[in-house]
Amino acid sequence: MSYSTADSFRPVTLDDVRGAQKMLSGVARVTAMEGSRHLSQMVGAPVHLKCENLQRTGSFKLRGAYVRIAGLLPEERAAGVVAASAGNHAQGVALASALLGVRSTVFMPKGAPLPKVSATRDYGAEVRLHGQVVDETLAAAQEYAAETGAVFIHPFDHPDIIAGQGTVGLEILEQCPEARTILVGIGGGGLAAGIAVAVKSLRPDVRVVGVQAAGAAAYPPSLAAGRPVSVENPATMADGIKVGRPGDVPFGIVDELVDEVRTVSEDELSAALLLCLERAKLVVEPAGASPVAALLSEPGAFEGPVVAVLSGGNVDPVLMERVLRHGMAAQGRYLAVRLRLTDRPGALATLLGALSVVDANVLDVSHVRTDPRLGLTEAEVELHLETKGPAHCAEVGQALREAGYTVIG
């Protein structure tokens with residue numbers, strides 16, 4: 001299964017996906033399908049999690065990358081391959097190339113998380129850091145391809161890539177043949193398009209729903225226009241689906257076969273990541289948690305059984321800490337308050353005692369005595385608290401006011 005540039009718009013068929021599945025046997029894992037009692041109770045129907053976060057390299061990207069590189073002609077393999085990515089595609093291309101004995105060069109943004117850069121190098125790729133954003137990195141990779149003859153491996157805009165990602169859909173139907181709805185995150189559209197080809201060819205009654213981050217949602221306006229259109233300055237914590245323009249090849253498939261594309265907020269993404277960690281014991285990146293975010297957003301909107309595709313788990317630890325705190329805040333489990341008190345010995349201890357009465361866990365304290373805004377005998381304290389939900393937050397605020405403190409933020 002190999003496509004030249006000239007026929008890169010050739011339709012992707014079920015036979016292509018089945019051929020990719022045979023090619024990936026022994027290479028990509030058949031990832032687990034885990035039930036979620038918590039989400040099932042919320043939705044009112046069985047909910048299953050397709051755990052591509054447990055795939056080799058930590059995401060589904062290995063599937064498409066391996067199929068694409070394996071399909072190259074001998075002279076193309078000899079020229080090597082090049083890719084541009086901030087993380088998941090980089091690692092997929094690096095490992096696929098190493099398995100196939102092909103030299104790989106991967107361009108990554110200068111600000112790419114160090115764990116992802118290190119992992120890409122460890123899989124055998126030569127990593128070149130270039131540009132501050134992925135668009136600059138992509139341009140550098142394409143320029144390198146033109147200069148050296150290396151084959152550019154696009155992250156989503158090629159039939160081989162889509163066929164490889166479509167093997168996730170075949171596995172879903174094998175593992176959960178009773179599925180009625182499949183939720184999958186969409187960036188450029190390769191995974192959603194591949195799943196839709198596989199699933200709709202075998203089970204046209206199954207509803208396939210794409211999920212995008214609201215701050216990087218290029219598909220809704222593109223579908224409305226009937227062609228790929230760009231959104232300027234896409235912004236979301238979900239870098240795996242932070243794509244400003246749909247791919248030309250996957251767009252046509254999504255337009256034809258995907259039943260709906262929804263958007264989710266950053267708060268919903270944070271809450272979904274936190275839920276996956278706490279309830280399912282699964283480390284999932286924000287993009288991978290987007291289908292769960294859609295379930296949290298409107299749990300009654302989906303006919304069950306529902307399969308949510310957790311597309312990746314490569315989350316930077318620094319981002320994980322920020323997202324978890326954001327998720328806790330969104331659920332009312334993290335509270336930041338500023339207040340003023342009289343600056344005298346023991347005042348801070350008295351304040352902390354008042355908080356202990358209402359069982360608020362103090363995570364951090366900032367105590368300011370010298371500020372032009374403060375009176376001579378005043379001090380300002382900022383507290384970061386771990387709480388038990390919105391009702392507990394209200395209880396904490398009420399207790400502080402009753403104790404005579406002025407809450408200013």
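The structure displayed is predicted, hence computed values, not measured ones.

Turning to the packing of helix α8 (residues 159-175) against helix α9 (residues 190-202), a few remarks are in order. In the contact formed by α8 and α9, the axes pass within 7 Å of each other and the chain directions differ by 50 degrees. With respect to each other, α8 and α9 are oriented oblique. Viewed along their axes, α8 and α9 form a crossing whose handedness is right-handed. Counted together, I162, Q165, G166, V168, G169, L170 and L173 of α8 and G190, L191, A193, G194, I195, A198, V199 and L202 of α9 form the full contact between these two elements. Partitioning the contact of α8 with α9 into residue classes produces 10 nonpolar, five polar and no charged.

What follows deals with the nonpolar core. Core analysis: the largest hydrophobic core is formed by 56 residues, its most contacted members being I69, V81, I182, I195 and V309. Discounting chain neighbours no more than four positions away, the residues touching I69 are R77, V81, V93, A96, S97, L100, V102 and I153. C276, A289, V315 and L324 belong to the second largest nonpolar core, which has 39 residues in total.

Once that is clear, we can look at unusual backbone geometry. Geometrically, the link from G304 to P305 is a cis peptide bond, its omega value of -5 degrees lying close to zero. For P305, the location among the structural elements is in the loop between α13 (290-297) and β10 (306-310). In this model, T57 sits at a positive phi of 70 degrees, which is unusual for a non-glycine residue. Relative to the assigned elements, T57 resides in the loop between β2 (47-51) and α3 (61-70). Its relative accessible area of 5% is what places T57 among the buried residues.

Right, let's get into the pairing of strand β5 (residues 126-129). The pairing of strand β4 (residues 104-108) with β5 spans four bridges and is parallel. Residue pairing across strands places T105 opposite E126, the latter belonging to β5. With helix α6 (residues 114-122) bridging β4 and its parallel neighbour β5, the resulting β-α-β unit is right-handed.

Here we come to the packing of aromatic side chains. This structure, assessed with the given rule, holds two aromatic pairs. On the basis of an interplanar angle of 25 degrees and a centroid distance of 6.1 Å, the ring pair of Y219 and F251 is categorised as stacked. On the criterion of sequence distance, the pair formed by Y219 in helix α10 (residues 219-225) and F251 in helix α11 (residues 248-257) is long-range, its members being 32 residues apart. Side by side, Y219 and F251 carry an identical accessibility label, which is buried.

Rules used in this analysis
Each chain carries its own residue numbering, running from 1 in the direction its sequence is written. Totals for whole chains, interfaces and linings use all residues, but because this is a predicted model, local features are given only for residues with pLDDT of at least 70 and pairs of side-chain atoms are given and counted only at 80 or more. As a rule here, side-chain values come from all non-hydrogen atoms in the structure, and water together with hydrogens is ignored. Fitted lines through C-alpha atoms serve as axes, helices being fitted only where they are in contact, and the angles separating the N-to-C directions of these axes extend from 0 to 180 degrees. What counts as a helix is a DSSP run of H or I of at least four residues, what counts as a strand is a run of E of at least two, and both are numbered from the N terminus. Oblique is the label for any angle not covered by the other classes, which are roughly parallel (under 35 degrees), roughly antiparallel (over 145) and roughly perpendicular (65 to 115). With the far helix as reference, a near helix turned anticlockwise by less than a right angle produces a left-handed crossing, and one turned clockwise produces a right-handed crossing. Working rule for contacts: check all heavy atoms of both residues, and any pair within 4.5 Å makes them a contact. Only Asp, Glu, Lys and Arg are considered charged in this grouping, and only Ala, Val, Leu, Ile, Met, Phe, Trp, Tyr, Cys and Pro are considered nonpolar; every other residue, Gly among them, is considered polar. Here, nonpolar core refers to any group of buried Ala, Val, Leu, Ile, Met, Phe, Trp, Tyr and Cys residues whose side-chain atoms link them within 4.5 Å. Between buried and exposed lies partly exposed: a residue is buried under 20% and exposed over 50% of the maximum accessible area for its type, with that area taken using a 1.4 Å probe on protein chains only. Paired strands are those between which DSSP finds at least two bridges. Consider the strands pointing away from the viewer: the crossover is right-handed when the path from the first strand over the helix to the second runs clockwise. Aromatic rings from Phe, Tyr and Trp, with only the six-membered ring used for Trp, were paired whenever their centres fell within 6.5 Å, and each pair was classed as stacked if the ring planes differed by under 30 degrees, edge-to-face if by over 60, and tilted otherwise.

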